[in-house]
Each structure stands twice: as C-alpha cells, then as structure tokens.
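Geometric and topological summary
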Amino acid sequence: AQSVTQLGSHVSVSEGALVLLRCNYSSSVPPYLFWYVQYPNQGLQLLLKYTTGATLVKGINGFEAEFKKSETSFHLTKPSAHMSDAAEYFCAVIPMDSSYKLIFGSGTRLLVRP
Amino acid sequence: KAGVTQTPRYLIKTRGQQVTLSCSPISGHRSVSWYQQTPGQGLQFLFEYFSETQRNKGNFPGRFSGRQFSNSRSEMNVSTLELGDSALYLCASSGGDSYNEQFFGPGTRLTVL
C-alpha cells in the first residue's frame, strides 16, 4: 500500500534561515503530490502540488518543492523562514489508482526561533 | 467564493450516543471527502462521495457512515460512539478528479466522554 514518510516530527529553525521539510513516498508509479499546512485550530491549506510537468513547483508564501522520481522524494523548502511559518506541515499523495483519497504523512511541526 | 463550511465546530457526546456532522462544499464542487485527525493516528481517510455516490471508503468500522445530497452537501454519522472516536473531523471538497486540489473546512472537534 502507498505510504508517505516525513522525516522529523519537529524541525526548529531561526528566523531568516532555510526551511527544509522532507517527504518520501513509496510507489513505483509516481502519485500526485501535495504539501498542506495546518495552523492551530484550523483546517488544512494547500501550499503546492505536483501533478505533471515541471518538477520544481512553486507555492504560496514563498515555499517550493522539487519532485525527484529517482529518490521518490518531494521535499519542501523556503529560503528564509518567517515567524508566521510556524505551523504543522503535511505531505500527502493521491495514488494513481483512482482512489481519490489523500494519503498523508505523519506531519512535521515547524518551530521558528526569533 | 465561500469556502467549505462544517457544522458544528465543536461537539461533546458521551459513549454510546450517535452524532451527525455536516459539510457544505464550495459551490460547484461535486466531490466531498471526510478525514479523521487524531494525535495518535494522524490524518486518515474515511470516505469520498461524488454526485451522491460513495466512490471510496477507508478502513473504518461500519459505525462510520456518510451520505451526500443532490446539492453536494454531505453528512457523516458515527453511531455507538467510543472514547477513541474523539478527533477532529475534516471535510474537503474538490472538482472530483484526482489531480484537483481538495479544499478543507475548519473541521468539527468531537469529544467523547
């Protein structure tokens, strides 16, 4: 069964530092890939997605992710962290099996130090 | 354009009771999915409806059920509540294709005592 692995349940960075959140998926057929962010007491908001085309995807709030098929990875980056980026981030996939369901990783909580 | 709305936002029930949660999708969206979020199990898929038909179901017991109405609004029902059902229940709507973005509502926080 398809699975998503997010390395690091907590990541702490200083304000202005690079943000790197890791995501790997398990599938021989690349699925559709998504990154969502969740702020406290709120639902999920899409940051970016990869379906086809260019492997470097730009999203909202300065985030981007690169799909690497050979590494089965879809890591999320942001060049300079802002205090407002503190939240929980979820990597998710939709398998190419017409299941229409998002399979989520366990999430990474990003802490931004002043 | 109004987002996905869920009612109620908070709910407290006791074991053995049943509960119904409601979700109104974004106008024009025909697909509604439900997810359960808990600290221990994370985000798990419950079921997905498209044009009043359940297209897929997750690995949850039969106590969890849902339906979708002709206006795409959806409800999920949990019968015979257990303590472990305490969770944030999230609803998401989309156009219905796998590559479509799923837009999430704020969720319903269910507490079972």
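Figured I'd write up the structure that's included with this text.

**Let's talk about the interface of chain A and chain B**
- Contact residues are listed per partner, giving 19 residues for chain A and 21 residues for chain B.
- Approximately 1,700 Å² of surface area, both sides summed, lies buried where chain A meets chain B, with 56% of it carried by carbon and sulfur atoms.
- Looking only at chain A, the three residues that lose the most surface to chain B are Leu44, Tyr100 and Phe104 of chain A, adding up to 32% of its buried area.
- Inspection of the region where chain A meets chain B yields 0 salt bridges.
- Put simply, the parts of the chain that give the side of chain A that touches chain B at least two residues each are β5 (32-38), β6 (44-50) and β10 (87-94) of chain A.
- With 4 residues, the single largest contributor to the side of chain A that touches chain B is β5 of chain A.
- The class makeup of the residues in the side of chain A that touches chain B is 10 nonpolar, 7 polar and 2 charged.

**Considering the state of the cysteines**
- Within the structure shown, the criterion is met by 2 disulfides over all chains.
- Two residues share a disulfide in this structure: cysteine 23 of chain A and cysteine 91 of chain A, whose sulfurs sit 1.9 Å from each other. Residues cysteine 23 of chain A and cysteine 91 of chain A are joined by a disulfide whose S-S torsion is about -60°; by sign, that bridge is left-handed. With a gap of 68 residues between them, cysteine 23 of chain A in the loop between β3 (19-21) and β4 (24-26) and cysteine 91 of chain A in strand β10 connect regions that are remote in the sequence.
- Exposure remark for cysteine 23 of chain A: the relative accessible area of 0% places this residue in the buried category.
- Across a sulfur-sulfur distance of 1.7 Å, cysteine 23 of chain B and cysteine 91 of chain B are joined as a disulfide pair. Measuring handedness by torsion sign, the sulfur bridge of cysteine 23 of chain B and cysteine 91 of chain B sits at about -50° and is left-handed. Linking cysteine 23 of chain B in strand β3 (residues 19-24) with cysteine 91 of chain B in strand β9 (residues 87-94), this pair joins segments that are 68 residues apart in sequence.
- Under the relative-accessibility criterion, cysteine 23 of chain B is labelled buried at 0%.

**Brief notes about the sheet that holds strand β8 (residues 74-78) of chain B**
All names here are of chain B.
- Read across the open sheet, the 4 strands follow the order β1-β3-β8-β7; overall the sheet is antiparallel. Sheet topology places β1 (5-7) and β7 (64-68) at the edges, where each strand pairs with a single neighbour. Sheet twist, expressed as the mean angle between neighbouring strand axes with direction ignored, is 20°.
- As paired elements, β1 and β3 share 3 bridges and run antiparallel to each other. Following the sheet pairing, threonine 7 is matched in β3 by serine 22.

**Focus on the environment of glycine 59 of chain A**
Residue and element names in this part refer to chain A.
- On the secondary structure map, glycine 59 appears in the loop between β7 (56-58) and β8 (64-68).
- Sequence separation between glycine 59 and lysine 78 is 19 residues; the distance between their C-alpha atoms is 10.0 Å.
- Apart from residues lying up to four places away in sequence, glycine 59 is in contact with Leu47, Leu48 and Glu64.

Parameters and conventions
- Residues numbered from 1 in each chain as written.
- Chains lettered and ligands numbered in written order.
- Predicted model: local features only at pLDDT ≥ 70, side-chain atom pairs only at ≥ 80, totals over all residues.
- Heavy atoms only, no water.
- Contact = heavy atoms within 4.5 Å.
- Buried area = accessible area lost by both parts, 1.4 Å probe.
- Salt bridge = Lys/Arg side-chain N within 4 Å of Asp/Glu carboxyl O.
- Helix = DSSP H or I, 4+ residues; strand = E, 2+ residues; numbered from the N terminus.
- Nonpolar A, V, L, I, M, F, W, Y, C, P; charged D, E, K, R; others polar.
- Disulfide = S-S within 2.5 Å.
- Buried < 20%, exposed > 50% of the residue type's maximum accessible area, 1.4 Å probe, protein only.
- Pairing = 2+ DSSP bridges.
- Axes fitted to C-alpha atoms, helices over the stretch in contact; angles between N-to-C directions.

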